[in-house]
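Residue strings, one per chain:
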Amino acid sequence: MKQGFRHIRAFLAVARHSSFTQAAGQLHVSQPALTVQIKQLEDELGTRLFDRDRRQVSLTEAGRRLLPAMQRILDEFDGAVQQGQDIADLKSGRLAIASLPSIAAAWLPEVMRTYRQRYPGIDIQIDDVSADSIITLVREEQVDIGLGPWGNRDRTLAFTPLMEDQMVVFFPPEHPLQQETCPSWKQLTQYPHVLTSRGSSVRQSVHRALEAEGVDIEIACEVAYLSTAISMVRAGLGVAVLPLSTLQAASCEGLEYRPVAGSSLRRLLGVLQLRRQPLSAAAQAFVEVLNERLPLLADQGQLVSDTE
């Protein structure tokens, strides 16, 4: 309808009050202006909506038939406007995040607790997936943002760094590596390794380091999750080169760990988003909470990174 919702409000106000004067007062417009709006609406619809005389204003048959539909249109419009305002004000909405499992288990819960306290009306969905899956979910707009490494440098995505996660070697007590303060990759080749799956960012980091050092390792087994890798190490199946944040992501009690000499095993972790569009209000608020909470988590010893 060309005349828009202003004219529908005018029609409903006159129908409610059966008076142009009272309707004009409710809408805070002059009576001549209101009369013009009703005339424009009648011209648009091609029918008269009101019968007018000096003493009263009443709906025509067409006006009575149109009244329920007009009210429904306005109610739906007002509801949509209110919903939009609630989303903008973060009173309602949805936030979808794709995250590395290590991030989701280590420091994301504390960040989400703060976010939930501030914005209880936001529905939250978290997919803890591999680095490759994070890229796909963000690119296909199935999630608002991703939390992970800057892997394949997809040009459709933007990356905001948050922290560096150092990689270390985990091993059981009484293992020969316990005597080393910073074992080399040559020393690590003497032992079987528990590796994460090929699509994981951890596996990719280990693969790049092995290529740089020109060495190879014996693979004892491959697993999907850091917690499973830690369990395999605890069972004595081998050692595992994993991010230091594993200390928060899994129960590492009873295990030892050491940095690897001459290794550039560090994962730069951050926020991934589509480059071509701004974040939603809910996602932007999450990033703000994230930037606020991460330094506090580090100060409290709840965040493990190379800055410690």
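This one's a predicted model, so the numbers in the text were calculated from it and none came from an experiment. (Residues numbered from 1 in each chain as written. Predicted model: local features only at pLDDT ≥ 70, side-chain atom pairs only at ≥ 80, totals over all residues. Heavy atoms only, no water.)

Some words on the pairing of strand β7 (residues 193-196)
Turning to step 1, where the next piece is worked out: Side-chain alternation along β7 places His193 and Leu195 on one buried face and Val194 and Thr196 on a second face that is also buried.
Turning to step 2, where the next piece is worked out: With 4 bridges connecting them, β7 and strand β8 (residues 219-223) associate as parallel partners. The residue of β8 that forms the bridge with His193 is Ile219.
Turning to step 3, where the next piece is worked out: Handedness of the crossover joining β7 and β8 through helix α9 (residues 201-213): right-handed. (Buried < 20%, exposed > 50% of the residue type's maximum accessible area, 1.4 Å probe, protein only. Helix = DSSP H or I, 4+ residues; strand = E, 2+ residues; numbered from the N terminus. Pairing = 2+ DSSP bridges. Right-handed = clockwise from strand over helix to strand, strands pointing away.)

Structural notes on the side chain of Ser19
Turning to step 1, where the next piece is worked out: Summarising the element assignment, Ser19 is placed in the loop between α1 (5-17) and α2 (20-27).
Turning to step 2, where the next piece is worked out: Residue classification places Ser19 among the buried residues on the basis of a relative accessible area of 14%.
Turning to step 3, where the next piece is worked out: There is a polar contact of 3.1 Å between the side chain of Ser19 and the backbone nitrogen of Gln22.
Turning to step 4, where the next piece is worked out: Excluding residues within four positions of it along the chain, Ser19 makes contact with Val14 and Val57. (Polar contact = N/O pair within 3.5 Å; in protein donor to acceptor, adjacent residues only side chain to side chain. Contact = heavy atoms within 4.5 Å.)

Section: the environment of Glu180
Turning to step 1, where the next piece is worked out: By secondary structure assignment, the location of Glu180 is in the loop between β6 (157-171) and α8 (185-188).
Turning to step 2, where the next piece is worked out: C-alpha separation for the pair Glu180 and Pro259, spaced 79 residues apart in sequence, amounts to 9.7 Å.
Turning to step 3, where the next piece is worked out: Residue contacts for Glu180: discarding those within four places in its chain leaves Gln187 and Arg258.
Turning to step 4, where the next piece is worked out: Within the structure, Glu180 has its side chain in polar contact with the side chain of Gln187 (distance 3.3 Å).

Points about α2
Turning to step 1, where the next piece is worked out: Buried within α2 are the following residues: Phe20, Ala23 and Ala24. Down the axis, α2 shows its buried residues gathered within 100° of arc, on one side only.
Turning to step 2, where the next piece is worked out: Among the structural elements, α1, α3 (31-45), β1 (50-52) and β2 (57-59) are those in contact with the buried residues of α2.
Turning to step 3, where the next piece is worked out: The backbone nitrogen of Thr21 lies 3.3 Å from a side-chain oxygen of the residue at the head of α2, namely Ser19. (Arc of directions from axis to C-beta.)

Section: the nonpolar core
General note: in soluble globular proteins, nonpolar side chains tend to be found buried as a group.
Turning to step 1, where the next piece is worked out: Among the nonpolar cores identified, the biggest contains 39 residues, and Leu95, Trp107, Tyr115, Leu147, Phe286 and Leu290 are the most heavily contacted of them.
Turning to step 2, where the next piece is worked out: The set of elements that each furnish at least two residues to this core consists of β3 (93-99), α5 (101-106), α6 (108-118), α7 (131-139), β5 (145-149), β6, β11 (266-274) and α12 (281-299).
Turning to step 3, where the next piece is worked out: Looking at which element gives the most residues to this core, the answer is α12, with 8 residues.
Turning to step 4, where the next piece is worked out: Leaving out residues up to four positions away in the same chain, Leu95 has contacts with Tyr115, Ile122, Asp123, Ile124, Gln125, Asp144, Ala282, Ala283 and Phe286. (Core = buried A, V, L, I, M, F, W, Y, C linked by side-chain atoms within 4.5 Å.)

Details of the environment of Leu247
Turning to step 1, where the next piece is worked out: Within the secondary structure, Leu247 is located in helix α11 (residues 246-249).
Turning to step 2, where the next piece is worked out: Sequence separation between Leu247 and Ala106 is 141 residues, and the spatial gap between their C-alpha atoms is 8.0 Å.
Turning to step 3, where the next piece is worked out: Aside from chain neighbours lying at most four places away, what touches Leu247 is Phe170, Cys252 and Tyr257.

Remarks on the layout of surface pockets
Turning to step 1, where the next piece is worked out: In this structure, the largest pocket occupies an estimated 300 Å³ of space.
Turning to step 2, where the next piece is worked out: As for the largest pocket, its lining consists of 14 residues, of which Ser205, Arg208, Arg266, Arg267 and Leu268 are closest to the centre.
Turning to step 3, where the next piece is worked out: Secondary-structure elements contributing two or more residues to the lining of the largest pocket are α9 and β11.
Turning to step 4, where the next piece is worked out: In terms of residue count, the dominant contributor to the lining of the largest pocket is α9 (5 residues).
Turning to step 5, where the next piece is worked out: Residue composition of the lining of the largest pocket, grouped by class: 5 nonpolar, 5 polar and 4 charged. (1 Å grid on protein atoms, 1.4 Å probe; cavity = no way out; pocket = protein on both sides within 12 Å on 5 of 7 lines; lining within 4 Å. Points joined across faces, edges and corners; volume = space filled by probe spheres on them. Nonpolar A, V, L, I, M, F, W, Y, C, P; charged D, E, K, R; others polar.)

Looking at unusual backbone geometry
The general pattern is negative phi for most residues beyond glycine and trans for most peptide bonds.
Turning to step 1, where the next piece is worked out: A positive phi is found at Ser18, a non-glycine position, where the angle reads about 55°.
Turning to step 2, where the next piece is worked out: For Ser18, a relative accessible area of 38% corresponds to the partly exposed category.
Turning to step 3, where the next piece is worked out: Even without glycine at this site, Glu141 takes up a positive phi of about 60°.
Turning to step 4, where the next piece is worked out: Mapping Glu141 onto the fold places it in the loop between α7 and β5.

Examining a nonpolar patch on the surface
Turning to step 1, where the next piece is worked out: A cluster of nonpolar side chains, Phe5, Ile73, Phe77 and Val81, forms an exposed patch at the surface whose accessible area comes to about 280 Å².
Turning to step 2, where the next piece is worked out: Top contributing element to the nonpolar patch by residue count: helix α4 (residues 61-88), with 3 residues.
Turning to step 3, where the next piece is worked out: Here Phe5 is to be found in helix α1.
Turning to step 4, where the next piece is worked out: Using a relative accessible area of 32% as the deciding quantity, one classes Phe5 as partly exposed. (Patch = residues over 30% accessible without salt bridge, like charges linked within 9 Å, V, L, I, M, F, W, Y side chains within 5 Å. Areas by Shrake-Rupley, 256 points an atom, 1.4 Å probe, with all protein chains shown as cover. Salt bridge = Lys/Arg side-chain N within 4 Å of Asp/Glu carboxyl O.)

So, to be careful, I would describe these as geometric facts and stop short of saying anything about function.
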